Amino acid sequence: TSSVILQSWTTEQVAASLPKRQPSSHKGSYGTALLVAGTKEMPGAALLAALGTTRSGVGKLVIATEAEVVAMIVSQLPEATYVQNGLQQIAEKKTPIDSYRAIAIGPGTNPDALTENAVSTLLDSHVPVILDAGALSKRTYVKRHSPVILTPHPAEFSHITGVDVNELQKNRAFYAVIWAKKMGVTIVLKGQNTITAFPDGEVWSNSTGNSALAKGGTGDTLTGMLLGMLCCHADWKHAVLNAVYLHGACADEWVKTRSPHTLLAHELTVLLPELWFQLE
Ligand code: B4P
Ligand code: MG
């Protein structure tokens, strides 16, 4: 069944495709990202993703979330601004979204009708959209100009496609490609050697990352990094591949001197600056 051409996205390719920060640039040059994340019950997911975004080259970050979540994030990330009661505002089309360079929705968000409506509004725009966690539902995608990027772990992939998890894990690239083509979206199938399948059939395997990442919150960090990278890269495919690579590379850096049992998701974004520096 596995007749896909699976290539590994290499360190050299990362180094060659990471964007330069131009001397004359300003924050507008790097775009404004919209992160739709977090509920009263899951506020940390919004913070983890927001840290990932602000550490990944974006110009400005707007977080659409609940009031209680805002209060929690501000002390740890004073750089962001907010759409209060964001999920509702977006679902009811009460806040403009076309001016954002990229949007991510789902970390710490409930998989309910409100989230579904917000996703529909976002997909009606011309902005690249990342769907994660609570925003990953069984749905079809109409053809649109900008990329749609899904970031399921195997259980989420199984939920949205009906493919059995054990069967999926035996043929990860195969199923990622089939469903990326069928749905017309990019699929980042997470886990050991994350697979990135683009809707045109191109598929890549990631070589970084380790079991230190098998802990709550690391997926939220990845979603945030993807969002930031989409804003600062000219080529959106490079943004996706480089975010996945650097996220794993941070975990690899951690286990050089520390036990894989001990990594906290927010520490990935503490390690990111030096790792990125080494590659550019
Ligand atoms: P959820 O409650 O959905 O977990 P989450 O909030 O999405 O967690 P988070 O966002 O932090 O992590 P994510 O997995 O998105 O619960 C997950 C459920 O699905 C659980 O019941 C779990 O058992 C099940 N599940 C998860 N992964 C599974 C798998 N591989 N096989 C079978 N069941 C699975 O993101 C985690 C990040 O860490 C990704 O970037 C991923 O690539 C990376 N990562 C995790 N383990 C890794 C490893 N061993 N090596 C390299 N990278 C790894
Ligand atoms: Mg997750």
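The residue count restarts for each chain, going from 1 along the sequence in the order it is written. Lettering of chains starts at A and numbering of ligands starts at 1, both following the order in which they are written. Thresholds applied to this predicted model are a pLDDT of at least 70 for local features of residues and 80 or more for the giving and counting of side-chain atom pairs; totals over whole chains, interfaces and linings are not thresholded and use all residues. Excluding hydrogens and water, the side-chain figures rest on all heavy atoms present in the structure.

Undergrad: Give a description of the overall build of the protein that names residues and reports values.
TA: Under the scheme used here, helices are H or I runs from DSSP no shorter than 4 residues and strands are E runs no shorter than 2 residues, and both carry numbers assigned from the N terminus. When you go through the protein residue by residue, the secondary structure sums to eleven helices and ten strands. Taken over C-alpha atoms, the radius of gyration comes to 17 Å for the protein, in line with the 19 Å a tight globule of 280 residues would show. In terms of its C-alpha atoms, the protein occupies a principal-axis envelope of roughly 45 × 40 × 40 Å. Residues counted as buried form 56% of the 280 residues belonging to the protein. By the convention used here, residues are in contact when the closest approach between their heavy atoms is within 4.5 Å. Taking the contacts inside the protein whose residues are at least 6 apart along the sequence as the reference set, 63% of them involve residues at least 24 apart. Asp and Glu count as negative and Lys and Arg as positive, but His and the ends of the chain are not part of the count. The atoms used to mark charge sites are NZ of Lys, CZ of Arg, CG of Asp and CD of Glu. In the protein, the 22 positive side-chain charges and the 23 negative ones have mean positions that sit 4 Å from each other. As defined in this context, the radius of gyration uses C-alpha atoms, and a globule is described by 2.2 Å times the residue total to the power 0.38. To sort residues, take the accessible area from a 1.4 Å probe on protein chains only and compare it with the maximum for the residue type: under 20% means buried, over 50% means exposed, and anything in between is partly exposed.

Undergrad: Give me the lowdown on the site of ligand 1, citing residues and values where you can.
TA: Note on definitions. A residue lies near a molecule or strand when any single heavy atom of the residue is within 4 Å of it. Close to ligand 1 lie 23 residues; His153, Lys190, Gly191, Gly217 and Thr218 are nearest. Interatomic distance of 3.4 Å between a backbone N/O atom of Asn210 and a nitrogen atom of ligand 1. Here an oxygen atom of ligand 1 and a backbone polar atom of Leu213 are 3.2 Å apart. Secondary structure elements with two or more residues in the shell around ligand 1: α6 (154-161), α7 (165-170) and α9 (218-232). Ranked by residues supplied to the shell around ligand 1, first place goes to α9 with four residues. Class assignment of the residues belonging to the shell around ligand 1 gives a composition of six nonpolar, 13 polar and four charged. Any pair of N or O atoms that falls within 3.5 Å is considered a polar contact. Within protein, one atom must be able to donate a hydrogen and the other to accept it, and sequence-neighbouring residues count only if both atoms are side-chain atoms. When residue character is reported, Ala, Val, Leu, Ile, Met, Phe, Trp, Tyr, Cys and Pro are called nonpolar, Asp, Glu, Lys and Arg charged, and the others, Gly included, polar.

Undergrad: Describe the pairing of strand β5 (residues 102-105), naming the residues involved and giving the relevant values.
TA: Burial along β5 is two-sided: the face carrying Ala102 and Ala104 and the face carrying Ile103 and Ile105 are both buried. Where strand β2 (residues 32-36) lies against β5, four bridges are found, and the strand directions are parallel. Residue pairing in the sheet places Leu34 in a bridge with Ile103 of β5. Looking at chain direction, β5 and strand β6 (residues 129-131) are connected through three bridges and run parallel. Across the sheet, Ile105 pairs through a bridge with Leu131, a residue of β6. By convention a crossover is right-handed if, when the strands point away from the viewer, the path from the first strand over the helix to the second runs clockwise. In this fold, β5 hands off to helix α5 (residues 113-123), which returns the chain to β6; that crossover is right-handed. In this scheme, strands are said to pair when DSSP sees at least two bridges between them.

Undergrad: I'd like a description of the packing of aromatic side chains, backed by residues and values.
TA: Each Phe, Tyr or Trp ring, with Trp reduced to its six-membered ring, pairs with another whose centre is within 6.5 Å; inter-plane angles below 30 degrees give stacked pairs, above 60 give edge-to-face pairs, and intermediate values give tilted ones. Summed over all chains, the structure comprises three aromatic pairs. For the ring pair Phe174 and Tyr175, a centre distance of 5.0 Å and an interplane angle of 80° mean the geometry is edge-to-face. Both rings, one in Phe198 and one in Trp236, keep their centres 5.4 Å apart while their planes meet at 80°; by these two values the pair is edge-to-face. With Phe198 in the loop between β9 (195-197) and β10 (203-205) and Trp236 in helix α10 (residues 236-257), this residue pair connects regions lying 38 residues apart in the sequence. Here Phe198 falls in the buried class, since its relative accessible area comes to 0%. Note on Trp236: relative accessible area 27%, which makes it partly exposed. Lysine NZ or arginine CZ positioned within 6 Å of the ring centre and within 35 degrees of the ring normal marks a charge as sitting over the ring. When the ring centre of Tyr30 is taken as reference, the NZ or CZ atom of Arg21 above it lies at 3.7 Å. Over the face of the ring belonging to Phe198 we find Lys237, whose NZ or CZ atom lies 4.9 Å from the ring centre.

Undergrad: Any details on the environment of Gln278? Residues and values, ideally.
TA: As for its placement among the helices and strands, Gln278 is situated in helix α11 (residues 265-279). By relative accessible area, Gln278 is classed as exposed at 53%. Separated by 42 residues in the primary sequence, Gln278 and Trp236 have C-alpha atoms spaced 22 Å apart.

Undergrad: Requested: an account of the environment of Ser75, with residues and values cited.
TA: With respect to the helices and strands, the residue Ser75 is situated in the loop between α3 (67-74) and β4 (81-84). According to the relative accessible area criterion, Ser75 is exposed, its value standing at 63%.

Undergrad: Before we move on, can you summarise the nonpolar core with the specific residues and values?
TA: Looking at soluble globular proteins, one finds that nonpolar side chains tend to be buried together. Leu35, Leu61, Leu77, Leu227 and Leu246 are the most contacted members of the largest nonpolar core, which totals 54 residues. If one sorts the elements of this core by residue count, α10 sits on top with eleven residues. Not counting chain neighbours up to four residues away, the residues in contact with Leu227 comprise Ala33, Leu34, Leu35, Thr53, Leu61, Ala102, Ile103, Ala104 and Ile130. Formed by 42 residues, the second largest nonpolar core is a distinct cluster that contains Ala64, Tyr100, Leu122 and Leu131. What is meant by a nonpolar core is a set of buried Ala, Val, Leu, Ile, Met, Phe, Trp, Tyr and Cys residues, joined one to another through side-chain atoms within 4.5 Å.

Undergrad: Just give me the short version of the pattern of salt bridges, but keep the residues and values in it.
TA: A side chain with one charge may pair with a side chain of the opposite charge, provided their charged atoms come close. Salt-bridge detection follows one rule: a side-chain nitrogen of Lys or Arg within 4 Å of a carboxyl oxygen of Asp or Glu. What the rule picks out here adds up to seven salt bridges. Asp132 is the salt-bridge partner of Lys190, the closest N and O atoms lying 3.6 Å from each other. Placement of the pair is Lys190 in the loop between β8 (186-189) and β9 and Asp132 in the loop between β6 and β7 (148-150), with a sequence separation of 58 residues. For Lys190, a relative accessible area of 12% corresponds to the buried category. Look at Asp132 and you get buried, because its relative accessible area is 2%. Note that Asp200 is salt-bridged to Lys237, the shortest N-O span being 2.6 Å. One end of the pair, Asp200, is in the loop between β9 and β10; the other, Lys237, is in helix α10, and 37 residues separate them in sequence. A relative accessible area of 52% places Asp200 in the exposed class.

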